[in-house]
Structures are given as structure tokens and as C-alpha cells.
Amino acid sequence: MRDSLTADAYLTVTNGDLLQIMDRRATKWNGVKAMLGAAGIAAEDAVYFGDDNDDLEPIRRCGTGVAVANAIGAVLDAADAVAASNDLDGVARWIEENLL
């Protein structure tokens, strides 16, 4: 399938069965970068939470990258910290315990 994509698209596969085809410009990091810039916040001052392939770049580029426990292995490996899973309100609990 990758051979069928145009140069401006990319493909990721999660857990062997979830295919995501995206435009190379439509990344989470580009969106986060734009929001941080609009708010005047440096990436190194931001906390980013993620669980899948498209979260790898922001997890690595923000000051603190937090994976939820049910994240894929690559995200868990790249993260600075791990929060409880989405099903256990991991992001909210991490924020309460670490930022408030």
C-alpha cells in the first residue's frame, strides 16, 4: 500500500490492523506548534499526552511528553512519563498529581 501513496502522504500501522493515511502537512505536531505559537508558549514549556504513532513527534518535541499506559510501545519508549490509561482518566489524574 505504501507504494501507492503520493509523495505528500504517509501511512502508519498500529497493532497490525489500524491503517492511517495522512497528508504529510496534517500532523499533530504542526497543529500543536501552531497553537503554541498563537499562545506565545515555547514547546519546551508544554506537556503533551499521547498514545499512537501520530503522537511521537509532539511527545519528543514538547518539554514533557506523557504516554498513557495503553499507548503503543514506541510512544511509551519516547515518553518522559507514563500516566494511567485513558479508561482510568490517566491524563486528568496526571495533571492533578503533577501540575496542580
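These notes cover the structure that comes with them. Residue numbers restart at each chain and count upward from 1, following the sequence in its written direction. With pLDDT at 70 or above as the cut-off, local features in this predicted model cover only qualifying residues; side-chain atom pairs require 80 or more to be listed or tallied, and sums for whole chains, interfaces and linings still use all residues. Hydrogens and water are ignored here; the side-chain numbers use all heavy atoms of the structure.

Observations concerning the nonpolar core
Link 1 in the chain: Only buried residues count toward a nonpolar core. Its members are Ala, Val, Leu, Ile, Met, Phe, Trp, Tyr and Cys residues joined through side-chain atoms within 4.5 Å. We call a residue buried when its accessible area falls under 20% of the maximum for its residue type, exposed when it is over 50%, and partly exposed in between, using a 1.4 Å probe and counting protein chains only. Ranked by internal contacts, the top residues of the largest apolar core, which has 15 residues, are Val32, Cys62 and Val75.
Link 2 in the chain: Working definition: helices are DSSP H or I runs of at least four residues, strands are E runs of at least two. Numbering for both runs from the N terminus. Among the elements of the structure, helix H1 (28-39), helix H2 (56-61) and strand S4 (64-68) are those that each provide at least two residues to this core.
Link 3 in the chain: The biggest single contributor to this core is H1, with 3 residues.
Link 4 in the chain: Residue contacts for Val75: discarding those within four places in its chain leaves Gly50, Asp51, Asp52, Asn53, Leu56, Ile59 and Ala67. We call two residues in contact whenever any of their non-hydrogen atoms come within 4.5 Å of each other.

Topic: the packing of aromatic side chains
Link 1 in the chain: Only rings of Phe, Tyr and Trp enter the pairing, Trp through its six-membered ring, and a pair is recorded when the two centres are within 6.5 Å. The plane angle decides the type: under 30 degrees is stacked, over 60 is edge-to-face, the rest tilted. With the rule as written, the count across this model stands at 1 aromatic pair.
Link 2 in the chain: Considering the side-chain rings of Phe49 and Trp94, the 5.5 Å spacing of their centres and the 80° angle between planes classify their relative orientation as edge-to-face. Of this pair, Phe49 sits in strand S3 (residues 47-50) while Trp94 sits in helix H4 (residues 90-98), and the two are 45 residues apart along the sequence. Assigned by exposure class, Phe49 and Trp94 land together as buried.

Observations regarding H1
Link 1 in the chain: By this rule, a helix spans an expected 1.5 Å times one less than how many residues it contains. The end-to-end C-alpha distance of H1 is 17 Å, a good match for the 16 Å that 12 residues give at a rise of 1.5 Å each.
Link 2 in the chain: Where H1 is concerned, the buried positions are Trp29, Val32 and Leu36. Projected down its long axis, H1 shows its buried positions confined to an angular sector of 65°, all on one face. Turned more than 90 degrees from where H1 packs its buried face, Met35, Gly37 and Ala38 sit exposed.
Link 3 in the chain: Along its buried surface, H1 packs onto S3 and H2.
Link 4 in the chain: Looking one or two places after H1, you find Gly40, whose phi comes out positive at around 70°. It is the directions from the helix axis to the C-beta atoms whose arc is reported.

Side note on the pairing of strand S1 (residues 9-14)
Link 1 in the chain: By the criterion of burial, S1 is predominantly enclosed, with 5 of the 6 residues buried.
Link 2 in the chain: The criterion for strand pairing is that DSSP finds at least two bridges linking the strands in question. Here 6 bridges tie S1 to strand S2 (residues 18-23), and the two strands are oriented antiparallel to one another. Considered in S2, the bridge of Val13 is made with Leu19.

What to know about the pairing of S3
Link 1 in the chain: Note that S3 and S4 share 4 bridges and pair parallel. Bridge pairing in S4 links Gly50 to Ala67.
Link 2 in the chain: Taken together, S3, H2 and S4 constitute a β-α-β crossover, and its handedness is right-handed. Here a crossover is taken to be right-handed if, once the strands point away from the viewer, the path from the first strand over the helix to the second is traced clockwise.

Things to note about a negative patch on the surface
Link 1 in the chain: For patches, a residue must show more than 30% relative accessible area and have no salt bridge; joins then use 9 Å for like charges and 5 Å for nonpolar side chains, namely Val, Leu, Ile, Met, Phe, Trp and Tyr. For the accessible areas, the method is Shrake-Rupley and the probe is 1.4 Å, while residue cover comes only from the protein chains on display. Any Lys or Arg side-chain nitrogen located within 4 Å of an Asp or Glu carboxyl oxygen qualifies as a salt bridge. When charges are counted, neither His nor the chain ends are considered; positive counts come from Lys and Arg and negative counts from Asp and Glu. Note that the charge is assigned to NZ on lysines, CZ on arginines, CG on aspartates and CD on glutamates. Judged by side-chain charge, Asp87, Asp89, Glu96 and Glu97 come together as a negatively charged surface patch.
Link 2 in the chain: Examined against the element boundaries, Glu96 turns out to sit in helix H4.

Considering the side chain of Asp52
Link 1 in the chain: Among the structural elements, Asp52 can be located in the loop between S3 and H2.
Link 2 in the chain: Nearest to the buried, unbridged Asp52 among oppositely charged side chains is Lys28, at 7.3 Å.
Link 3 in the chain: The contact partners of Asp52, leaving out residues within four places of it in the chain, are Thr14, Leu18, Gln20, Ile72 and Val75.

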